[in-house]
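Analysis of the macromolecular model
The residues making up each chain are set out below.
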Amino acid sequence: MVKQKKPVVVVTRKLPEAIELRMRELFDVRLNADDKPMTAGELGEAVKTADVLVPTVTDKIDAALLSKAGEQLRLIANFGNGVDNIDVATAVQRGITVTNTPGVLTEDTADMTMALILAVPRRLAEGAQVLTSDKDWNGWSPTWMLGHRIWGKRLGIIGMGRIGQAVARRARAFGLQVHYHNRRKVAPKIEEELDATYWESLDQMLARMDIVSVNCPHTPATFHLLSARRLKMLRPESYIVNTARGEVIDENALARMLEADEIAGAGLDVFEHEPAVNPKLVKLAKAGKVVLLPHMGSATVEGRVDMGEKVIINIKTFMDGHRPPDRVLPSML
């Protein structure tokens, strides 16, 4: 009996050790030992030789790159939930299946969202800097470092998918009133469980919220969903938190409004031009108006291992001649 040849799997970034070990056992895997993002040229060589490409959010898999792919490339198993880094339509047209890793990052991202919802109004990062800067702390004072309570405030969630719903559950425990905007209403049972109020009009919701949380994916339809016009609808006392994708917010407009005190503050874990961070936002963070994090929303050991296991399942299922469980189609985006 002829032993079946292992598929050539190219992984673009360093993954958890347990995942890489399992991949070595199952596939003819080419790993990225130094964890530097692949250049466009290196990605071009990868798609010429790989049966399976395992990219991440840092890799741009566009039509130009896919045009260089060899006939053997049949699967792009994305290490991540969002697939805005991949031209899914072009991939499918070329007969390449695309998969992602949904569900496993929900709780971790919701935790980080809640952390920012707390950190910005309560000035946590600003307070922490007092103890690590060169300035002396003179002790407790009745009127110093006053923030705002979140109990009883209105939270507007943009995108009520898995993560948005997980944020809503946490928010209720902190006494926030849950409101949401989504492409369509969630099931009545979920709406009742979360005690959530649906807004068909995003504009109307924004004008009435104390805190806005962005939890929708980045698609052509959501690029700059929070445009300069929409950001102007926020009240001066409101806060905005983004743990989804930086492209959903017009970053320059947000920075201008924060500088002008037209928005009270922001907590951002993602940026429009990652890994570059808008210098205006950095300046605002140093002034205590913004909390910035380096895309840490899903950064847990457990989450990254779960992601890797989903990638392996998708590859194994596909190579065994079955439909992978996490297949992504253009109609889903």
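Residues numbered from 1 in each chain as written. Predicted model: local features only at pLDDT ≥ 70, side-chain atom pairs only at ≥ 80, totals over all residues. Heavy atoms only, no water.

Formally: UniProt positions are given in the numbering used here, feature names are shortened, and annotations may be inferred rather than shown by experiment.
Looking at an unreviewed UniProt entry, one finds the chain named D-glycerate dehydrogenase, with Undibacter mobilis as its source organism. Note on the chain: under the UniProt heading Sequence similarities (unreviewed entry), the record states "Belongs to the D-isomer specific 2-hydroxyacid dehydrogenase family."

**Quick notes on the domain arrangement of the chain**
Put simply, the test is: As annotated, the domain borders come from an automatic or database domain assignment. Note on definitions: a residue-residue contact is assigned when non-hydrogen atoms from the two residues lie within 4.5 Å. Here the buried area means the combined drop in accessible surface, using a 1.4 Å probe, for two parts upon being joined, counting both sides. Salt-bridge detection follows one rule: a side-chain nitrogen of Lys or Arg within 4 Å of a carboxyl oxygen of Asp or Glu.
As assigned here, the chain comprises domain 1 (8-102 + 301-332) and domain 2 (105-292). The C-alpha-based centres of domain 1 and domain 2 are spaced at 31 Å. With 8 residues of domain 1 at the interface, the matching set in domain 2 holds 6 residues. When domain 1 packs against domain 2, close to 580 Å² is buried across both sides, 51% of that on carbon and sulfur atoms. Arg-245 is paired through a salt bridge with Asp-84; the nearest N and O atoms lie 3.2 Å apart.

**Focus on the pattern of salt bridges**
Between side chains of opposite charge, a pair can form as their charged atoms come close. Within this structure, the stated rule accounts for 18 salt bridges. For Arg-123, the salt bridge is made with Glu-126, and the minimal N-O distance between the two is 2.9 Å.

**Some thoughts on the packing of aromatic side chains**
For clarity, the cut-off: Centres within 6.5 Å make a pair out of two Phe, Tyr or Trp rings, where for Trp the six-membered ring is used; the pair is then stacked when the planes are under 30 degrees apart, edge-to-face when over 60, and tilted otherwise. Numbering of helices and strands runs from the N terminus, with a helix taken as a DSSP run of H or I at least four residues long and a strand as a DSSP run of E at least two residues long. Relative accessible area decides the class of each residue, using a 1.4 Å probe on protein chains only: under 20% of the type maximum gives buried, over 50% gives exposed, and in between gives partly exposed.
Summed over the entire model, instances satisfying the criterion amount to 1 aromatic pair. On the numbers, 5.1 Å between centres and 50° between planes, the contact of Tyr-180 with Tyr-198 is tilted. Linking Tyr-180 in strand β7 (residues 177-181) with Tyr-198 in strand β8 (residues 197-198), this pair joins segments that are 18 residues apart in sequence. For Tyr-198, a relative accessible area of 22% puts it in the partly exposed group.

**Some thoughts on the UniProt feature "domain: D-isomer specific 2-hydroxyacid dehydrogenase NAD-binding" (unreviewed entry) in the chain**
Within the UniProt annotation, "domain: D-isomer specific 2-hydroxyacid dehydrogenase NAD-binding" (unreviewed entry) is assigned to residues 114-297. For the annotated span residues 114-297, helix accounts for 33% and strand for 15% of the residues, and the straight-line distance between the end C-alpha atoms is 10 Å.

**Here's the deal with the sheet that holds strand β9 (residues 211-214)**
Put simply, the test is: Only when DSSP finds a minimum of two bridges between them are two strands counted as paired. Think of each axis as a best-fit line through the C-alpha atoms, taken over the contacting stretch in the case of a helix, with angles from 0 to 180 degrees between the N-to-C directions.
Spatially, 7 strands are ordered β8-β7-β6-β9-β10-β11-β12 in an open sheet, and the strand pairing comes out parallel. This sheet does not close on itself; its edge strands, each paired only once, are β8 and β12 (290-292). Looking at chain direction, β7 and β8 are connected through 2 bridges and run parallel. Looking across to β8, one finds that Tyr-180 is bridged to Tyr-198. Contacting β6 (154-158), β9, β10 (239-242), β11 (265-268) and β12, helix α5 (residues 106-119) runs over the sheet at an angle of about 155° to β10.

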